[in-house]
Amino acid sequence: KKETQQTSVSITAASYTDSSDDETSPRDKTQVNTKGSSDFCVKNIKQAEFGRREIEIAEQDMSALISLRKRAQSEKPLAGAKIVGCTHITAQTAVLIETLVALGAQCRWTACNIYSTQNEVAAALSEIGVAVFAWKGESEDDFWWCIDRCVNTEGWQPNMILDDGGDLTHWMYKKYPNVFKKIRGIVEESVTGVHRLYQLSKAGKLCVPAMNVNDSVTKQKFDNLYCCRESILDGLKRTTDVMFGGKQVVVCGYGEVGKGCCAALKALGAIVYVTEIDPICALQACMDGFRVVKLNEVIRQVDVIITCTGNKNVVTRDQLDRMKNGSIVCNMGHSNTEIDVASLRTPELTWERVRSQVDHVIWPDGKRVILLAEGRLLNLSCSTVPTFVLSITATTQALALIELYNAPEGRYKQDVYLLPKKMDEYVASLHLATFDAHLTELSDEQAKYLGLNKNGPFKPNYYRYSSSQCEFVVA
């Protein structure tokens, strides 16, 4: 027993050291897994055993996705699918990737964020034969190099895309148009990526069908809302040790992500302001007890700014100049364009790295603004996210890939589609067993009265599931 404990400690220590202290770029290393393959580029393939343990832990809280894997494994619904993916590479994503492989797919993977990759998980995936090109702390050049290595490889041509943010889709569309035209389907999970897909569609340039997972009920109302409600505090606490009672916080955007952030902050006693462009979301914020303001009205007094819009230049250099000393700025949207970080890289400002993913930007008069993750996604860059919620999203992604890959010709045209309601309900039903929840069944008479099939779908496509603050106020 003592020997086992010592081994575990040494693996953990090696993971920490290799992740933080080894400055050699993975692009300059020659690494081979135990199968003799070198078709990958990760921080350290020797971390694979540690990463395998992380994946096994994640599997315990992703029982619905594992259930889907077991149910469909014999049928191999993704046999022949060659999926190229660009997502966060975490233990939870690894469970999804290994599910896709179990269902018959071949996968090549890269990271959608330069800070969110778990190096040991990337190593574990590479060890079992998944071609992973990603490591924590990539440069911008590394980021695009990794995407290119996933797509551009001899003897292997992707026919499906799983994207988070649209960078992979954009890269293939621009650089490999002939490959892009042969794609059978795209599954996109972020608001940023979906926006880019709709732009392509509107311009008549989207030549393959795409599934908008971000706006599926099981993604929007669970991952975006509940995941952010829990992970926003985790990310802020780990990086700043700040106490939120009495702090003035402005949350930019009151969509599902913003709603989750506001609920968590309010429960800890923070004074929360909201900025919004949409009058409906603004009215929701007002009814939930938040004051809706313009950022310029409170910029000099707030302690924390959190962006959750998916837009660009939400916080500008002029506004950063007017923030008070010790203010914290961070982003919970997918894209790193919400905070104008580029404007802070000027000679008159000094950057001081005080801990991992935490920079003090110092003005000439000595004022410091605390910038987290260089304006990139806070929770996945600086902390972790709840595994169970990610199981819901991952199951949705897997079903969307299966649907697009197996759809008969003509079912989906060259456009962007929402996940069928029946599929949303199926994903939700798979996760109910975790709570020992028992659904009430309609009688024949009740089903006839409501005009429904007893097995669903139970709501029309236009139904909007509530996200009212009253659902999750902490007493």
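Note that residues are indexed from 1 along each chain, following the sequence as it is written. Only residues with pLDDT of 70 or above have their local features reported here, since the model is predicted, and side-chain atom pairs are shown and tallied only from 80 upward, although totals for entire chains, interfaces and linings are computed over all residues. Based on all heavy atoms of the structure, the side-chain values leave hydrogens and waters out of the count.

### Describing helix α3 (residues 63-72)
Type-normalised accessible area, obtained with a 1.4 Å probe on protein chains alone, sets the label of each residue: buried when under 20%, exposed when over 50%, and partly exposed for intermediate values. Helix numbering and strand numbering both begin at the N terminus, where a helix is a DSSP run of H or I of at least 4 residues and a strand a DSSP run of E of at least 2. The set of residues buried in α3 consists of A64, L65, I66, L68, R69 and A72. At its buried positions, α3 is contacted by α2 (48-60), α4 (91-102), α16 (387-406) and α17 (421-432). Two residues form a contact once any of their heavy atoms are found within 4.5 Å.

### A word on the side chain of E138
Along the polypeptide, E138 turns up in the loop between β3 (131-133) and α6 (140-151). We treat Lys and Arg as the positive residues and Asp and Glu as the negative residues; His and chain ends play no part in the count. Salt bridge, as used here, is a side-chain nitrogen of Lys or Arg placed within 4 Å of a carboxyl oxygen of Asp or Glu. Although buried, E138 forms no salt bridge, and the nearest oppositely charged side chain, R27, lies 8.5 Å from it. Reaching out from E138, the side chain makes a polar contact with the backbone nitrogen of W135 at a distance of 3.1 Å. Apart from the residues within four sequence positions on either side, E138 is in contact with A111, I114, F133, F143 and C146. Here a polar contact is taken to be a pair of N or O atoms separated by no more than 3.5 Å, where protein atoms must pair a possible hydrogen donor with a possible acceptor and residues adjacent in sequence count only if both atoms sit in side chains.

### As for the environment of V361
By the secondary structure assignment, V361 is in strand β13 (residues 358-362). The contacts of V361, once residues within four sequence positions are left out, are L344, L349, T350, W351, K367, R368, V369 and L371.

### Thoughts on the sheet that holds strand β2 (residues 106-111)
In sheet architecture, strand pairing relies on hydrogen bonds along the backbone and comes in two forms, parallel and antiparallel. If DSSP finds at least two bridges between two strands, the strands pair. Strand order in the open sheet made by the seven strands is β3-β2-β1-β4-β5-β6-β15, with parallel pairing throughout. Each of the sheet's edge strands pairs with one partner strand only, and the pair in question is β3 and β15 (416-418). Each strand of the sheet is rotated relative to its neighbour by a mean of 20 degrees, with strand direction disregarded. Axes here mean lines fitted to C-alpha atoms, for a helix over just the part in contact, with angles spanning 0 to 180 degrees between N-to-C directions. Against the sheet, helix α7 (residues 167-175) touches β1 (82-87), β4 (160-163) and β5 (185-188), its axis set at about 140 degrees to β4. Across the sheet, helix α9 (residues 191-202) lies against β5, β6 (210-212) and β15, angled at about 140 degrees from β5, the strand it touches most.

### Focus: the confidence of the model for the chain
pLDDT is defined as a per-residue confidence score from the predictor, taking values between 0 and 100. Looking at the chain, pLDDT values average 90 and 93% of them are 70 or higher. Long-range and interchain partners of residues 1-21, a stretch whose pLDDT sits below 50, account for 18 contacts in this model, where long-range means more than four residues apart. The model gives residues 468-475 a pLDDT under 50, and that stretch makes 16 contacts with residues more than four places away or in other chains.

### Looking at the pairing of strand β10 (residues 304-307)
Here β10 shows two buried faces, one formed by V304 and I306 and the other by I305 and T307. For strand β7 (residues 248-252) and β10, the ladder comprises four bridges, and the chain directions are parallel. The residue of β10 that forms the bridge with V251 is I306. Note that β10 and strand β11 (residues 327-331) share four bridges and pair parallel. Pairing of T307 across the sheet is with N331, part of β11. Looking down the strands as they point away from the viewer, one classifies a crossover as right-handed if the path from the first strand across the helix to the second runs clockwise. In this view, the connection linking β10 to its parallel neighbour β11 by way of helix α14 (residues 317-322) has right-handed handedness.

### A word on the pattern of salt bridges
Inspection of every chain in the model, using the stated rule, returns 22 salt bridges. Between D167 and R196 there is a salt bridge, with the nearest N and O atoms lying 3.0 Å from each other. Taken together, the residues D167 in helix α7 and R196 in helix α9 connect sequence positions 29 residues apart. With a relative accessible area of 15%, D167 lands in the buried category. Taking relative accessible area as the criterion, R196 reaches 26% and is therefore assigned partly exposed. Where E403 meets R411, a salt bridge forms, and the shortest distance between an N and an O atom there is 2.9 Å. Residue class for E403 comes out buried when judged on its relative accessible area of 16%.

### Let's talk about the UniProt feature "binding site: NAD(+)" (unreviewed entry) in the chain
Taking the numbering used here, the UniProt-annotated feature "binding site: NAD(+)" (unreviewed entry) corresponds to G255, E256, V257, G258, K259, G260, E276 and N379. With respect to the secondary-structure elements, E276 resides in the loop between β8 (271-275) and α12 (279-287). Side-chain polar atoms of E276 contact the backbone nitrogen of Y254, separated by 2.7 Å. Mapped onto the fold, N379 is located in helix α15 (residues 378-382). Taking the relative accessible area as the measure of exposure, N379 reaches 4% and is therefore buried. For N379, the residues in contact, after removing those within four places along its chain, are C227, C228, S231, M332, T384 and V385. UniProt positions are given in the numbering used here, feature names are shortened, and annotations may be inferred rather than shown by experiment.

### A few points about the sheet that holds β13
Overall, mixed pairing links the eight strands, which are arranged β9-β8-β7-β10-β11-β14-β13-β12 in an open sheet. The open sheet is flanked by β9 (291-292) and β12 (350-355), the only strands paired with a single partner. As paired strands, β11 and strand β14 (residues 368-372) are joined by three bridges and run parallel to one another. Among the inter-strand pairings, V329 is bridged to a residue of β14, identified as L371. The sheet contacts of helix α10 (residues 217-240) involve β10, β11, β12, β13 and β14, and relative to β14 the element is tilted by about 130 degrees.

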